[in-house]
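# Structural overview
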Amino acid sequence: MKKGIQYQKELSLEKLKNNDFSTIELPYGEDIVEEGIIIAGVIVKLSTLESADFDAVLDFTEKKDAEYLVIDTCEEKNAEGLLQMIENNKKKLCGKKFEIYIENGYVRGNNGDVTYSEFSEWRHLTELVKKCNNILGRQQFGICLNMGYMNLLGQNPRKMIAGTAEYLKVFHMNDNDGKRDMHQIPYSFTTGRGALSTDLY
């Protein structure tokens, strides 16, 4: 299993390399060139993918020589737009070497409470990936699981992992207090084995 870190502007590339995190996942639009840094993947929000030039996102991922593109579905309610986008661009996608992983997500209600979307539950995710692969006629889509999003929804991570195992490709490990999407390091809020859902033991 590869390990890496999602790049943020605040991070020092030199410190990443010194701490054995030379493999990164690059947010779409960020442009870094650093000797010794490997860009394993690119991540883009579904809303950005829908509003931006689809070709530009694919070209960016390809030019970075990334192995995969993660679609962040956070705050997206349904998958119809994504499926239509795949259908409209299937010829372009079939010509790409990198794979595409759909990330689990959530939405917030008017009162700020975190609720489920069509991207939250493992059954919906696996069915969505199957539909995407069927559109392309090849196995190019997979799943990225975000631990922090599962924690916000109070989901059982082991059940999510088991349910998506056939298509699970990337795991985003981050922690929060169960209320806010904080993207803290794993176990920041875990006090002991089994104390919180972020405890994978």
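The following refers to the structure shown. Keep in mind the model is a prediction, meaning the values are calculated, not measured.

For the structure on display, the rule yields 10 salt bridges. The salt bridge involving K96 is made with D59; its shortest N-O contact spans 3.8 Å. With K96 in the loop between α5 (90–94) and β5 (99–103) and D59 in helix α3 (residues 54–63), this pair connects stretches of sequence that are 37 residues apart. Ionic pairing is found between E62 and K96, a salt bridge with its closest N-O pair at 3.0 Å. Note that E62 is positioned in helix α3 and K96 in the loop between α5 and β5, a separation of 34 residues in sequence.

What follows deals with the state of the cysteines. Put plainly, two cysteines are in a disulfide when a covalent bond ties their sulfur atoms together. This structure, assessed with the given rule, holds zero disulfides. Unpaired in terms of disulfides, C94 finds its nearest cysteine sulfur in C132, a separation of 12 Å. This cysteine, C144, is not joined by any disulfide, and C74 carries the nearest cysteine sulfur, 12 Å off. Judged by its relative accessible area of 0%, C144 is buried.

Here we come to the packing of helix α4 (residues 80–88) against helix α6 (residues 122–136). Between α4 and α6, the shortest axis-to-axis distance is 9 Å and the interhelical angle comes to 15°. Here α6 runs roughly parallel to α4, going by the angle between their axes. By crossing handedness, the relation of α4 to α6 is classed as right-handed. Mapping the contact onto sequence places L82, L83, I86 and E87 in α4 and L128, K131, C132, I135 and L136 in α6. Class assignment for the residues of the contact of α4 with α6 results in seven nonpolar, no polar and two charged.

Glancing now at the sheet that holds strand β9 (residues 168–172). Overall, parallel pairing links the seven strands, which are arranged β1-β2-β3-β4-β5-β8-β9 in an open sheet. Looking at strand neighbours, the two that pair on one side only are β1 (5–6) and β9, the edges of this open sheet. Across five bridges, the pairing between strand β3 (residues 38–45) and strand β4 (residues 68–72) is parallel. Across the sheet, the residue bridging to G41 is Y68, located in β4. Against the sheet, helix α8 (residues 157–164) makes contact with β8 (141–146) and β9, and its axis sits at roughly 175° relative to β8, the strand it touches most.

Conventions adopted
- Residues numbered from 1 in each chain as written.
- Predicted model: local features only at pLDDT ≥ 70, side-chain atom pairs only at ≥ 80, totals over all residues.
- Heavy atoms only, no water.
- Salt bridge = Lys/Arg side-chain N within 4 Å of Asp/Glu carboxyl O.
- Helix = DSSP H or I, 4+ residues; strand = E, 2+ residues; numbered from the N terminus.
- Disulfide = S-S within 2.5 Å.
- Buried < 20%, exposed > 50% of the residue type's maximum accessible area, 1.4 Å probe, protein only.
- Axes fitted to C-alpha atoms, helices over the stretch in contact; angles between N-to-C directions.
- Parallel < 35°, antiparallel > 145°, perpendicular 65-115°, else oblique.
- Left-handed = near helix turned anticlockwise from the far one by under 90°.
- Contact = heavy atoms within 4.5 Å.
- Nonpolar A, V, L, I, M, F, W, Y, C, P; charged D, E, K, R; others polar.
- Pairing = 2+ DSSP bridges.

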